[in-house]
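Residues per chain, in single letters:
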Amino acid sequence: MAGIYIHIPFCKQACNYCDFHFSTSLKNKDSFLFALQKEIEMQRDYLSLALSKEERSREVSTIYFGGGTPSLLNQSELMQIFDSLNKHFDIASNAEITLEANPDDLTKNKIKELKDIPINRFSIGIQSFYDEDLKLMNRAHNSQEAGYAVKCAQDGGFENISIDLIYGIPTLTNHKWRNNLQNAFLLNVKHISAYCLTVEPKTVLAHQVKTGQIKNVDEQQSAEQFEIMLEAMKKFNFVQYEISNFCKEGYYSKHNSNYWLKENYLGLGPSAHSYNGTSRQWNISNNALYISGIENKKLNFEIEELTLSQRYNEYILTSLRTMWGTSIDYIKLNFGDDFVRYCLQEAKKYFEAKDLINEENKLFLTDKGKLIADKIASDLFKLEK
Ligand code: SF4
């Protein structure tokens, strides 16, 4: 079933590594909320139009508030968004509804407020339990707030909690990384997303690295920390269902799994992406232009119709990273025999190097292969002639 992603484009403070779309000025918040509700109405048919006439429905099984920092919104602002969603979509009674939150926002009072709206999952941006790392990344919270936020959410009755962690930070030794993982396990969270710090172009971090203020991310250290993580996750019974995502049995992020399993989704808000099986579109990454466009009854977005090769490449990129693997039968059915031949031919050297295995006609990365997942995927990509 389809999902909805809502991008809340505001943050209290800019993390130095971030290349997402956000503004630290809240002056447009009210007009953004107004525009967002209008967009919900304008896009009400996006998901159903991708279906055949018989199948048409506006039923939504997952909603994900991402950003930016959705936890900056208060109860009544979030409720306004839900009112619009309820008016224009059928939200399944068991829908997974996630709110991304920063630890400094999740106080006891905030949790009490959020209890009255239909959120049932938090994704909390902890990143590290060490102040030294948080300062280096210019995060708005401190180490005490990190654990406290999770406790507040759990005490307030939320049990489906995910936290984000980052490894490969120049100040993060292997010893500290082990402690960060240990702290996460002690908090009894059900889901952990762990990403390697990457130095994206045009970020403050890229400038700091270039000018020598901060050491660059060390690839060897990142690889060691990835291996430490795999071992620790296995020991604590976390299933690695996607390269960067781990959970206790039954606590997969339904929303993200739907992306990887190529379900359709609608993205609302500036910079949000949508996918309907044949095309991908993305809203303008500018709050003022997003708002003024909608005020003039025009959605500012770009669209790309996907060719067969592009759809095959997307399937490879997303499926290979998951525990469900890349299905040769799916490739045959959706892209044809030529693509199957091409994929298996390109995969050959990775089978020999034991980076990739073929089990029951599905390709899976080995732990060794996971370290070079992007390289393997790009070698399996089919270039347009
Ligand atoms: S809180 Fe998230 S979206 Fe905002 S700047 Fe930091 S990493 Fe980026």
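For the structure itself, consult the block above.
Residues numbered from 1 in each chain as written. Predicted model: local features only at pLDDT ≥ 70, side-chain atom pairs only at ≥ 80, totals over all residues. Heavy atoms only, no water.

S.K.: If you had to explain the overall build of the protein chain to someone new, which residues and values would you point to?
M.R.: For the protein chain, the helix and strand inventory stands at 16 helices and 15 strands. Its C-alpha atoms give the protein chain a radius of gyration of 21 Å, within 12% of the compact-globule value 21 Å for 385 residues. If one aligns the C-alpha atoms of the protein chain with their principal axes, the spans along those axes are about 55 × 55 × 45 Å. By residue count, 53% of the 385 residues in the protein chain fall in the buried class. (Helix = DSSP H or I, 4+ residues; strand = E, 2+ residues; numbered from the N terminus. Rg over C-alpha atoms; globule rule 2.2 N^0.38 Å. Buried < 20%, exposed > 50% of the residue type's maximum accessible area, 1.4 Å probe, protein only.)

S.K.: Can you lay out the site of the ligand for me, pointing to particular residues and giving the numbers?
M.R.: What surrounds the ligand is the set C11, Q13, C15, Y17, C18, F22, G67, G68, T69, N102 and R139. When grouped by side-chain class, the residues that make up the shell around the ligand number five nonpolar, five polar and one charged. (Near = heavy atom within 4 Å. Nonpolar A, V, L, I, M, F, W, Y, C, P; charged D, E, K, R; others polar.)

S.K.: Just give me the short version of the environment of N286, but keep the residues and values in it.
M.R.: Turning to its location among the elements, N286 is positioned in the loop between strand 11 (279–283) and helix 11 (287–295). Judged by relative accessible area, which is 30%, N286 ranks as partly exposed. Considering only alpha carbons, one finds N286 and G269, 17 residues apart in sequence, at a separation of 9.8 Å. Residues within four places of N286 in sequence aside, it is in contact with H21 and P270. (Contact = heavy atoms within 4.5 Å.)

S.K.: Give a detailed account of unusual backbone geometry, specifying residues and quantitative values.
M.R.: For the bond running from G67 to G68, omega is 20°, close enough to zero to count as cis. Mapped onto the elements of the fold, G68 is located in the loop between strand 2 (59–67) and helix 3 (75–88). You will see that S271, though not glycine, has its phi angle at about 75°, which is positive. Counting through the fold element by element, S271 comes out in the loop between strand 9 (265–268) and strand 10 (273–275). What makes S271 buried here is its relative accessible area of 15%. Despite not being glycine, E360 shows a phi value in the positive range, around 50°. Here E360 is to be found in the loop between strand 14 (356–359) and strand 15 (362–365).

S.K.: An account of helix 14 (residues 337–352) is needed here, citing residue identities and associated values.
M.R.: Between its first and last C-alpha atoms helix 14 spans 23 Å; for 16 residues at 1.5 Å apiece the expected length is 22 Å, and the two agree. The largest bend in helix 14 comes to about 35°, at E346. Among the residues of helix 14, those classed as buried are F339, V340, C343, A347 and Y350. Taken together, the buried residues of helix 14 touch helix 12 (308–319), helix 13 (328–335), strand 14, strand 15 and helix 16 (373–380). Phi for K354, located one or two positions after helix 14, is positive at around 60°. (Expected span 1.5 Å × (residues − 1). Bend = angle between axes of the 7 residues up to and from the residue.)

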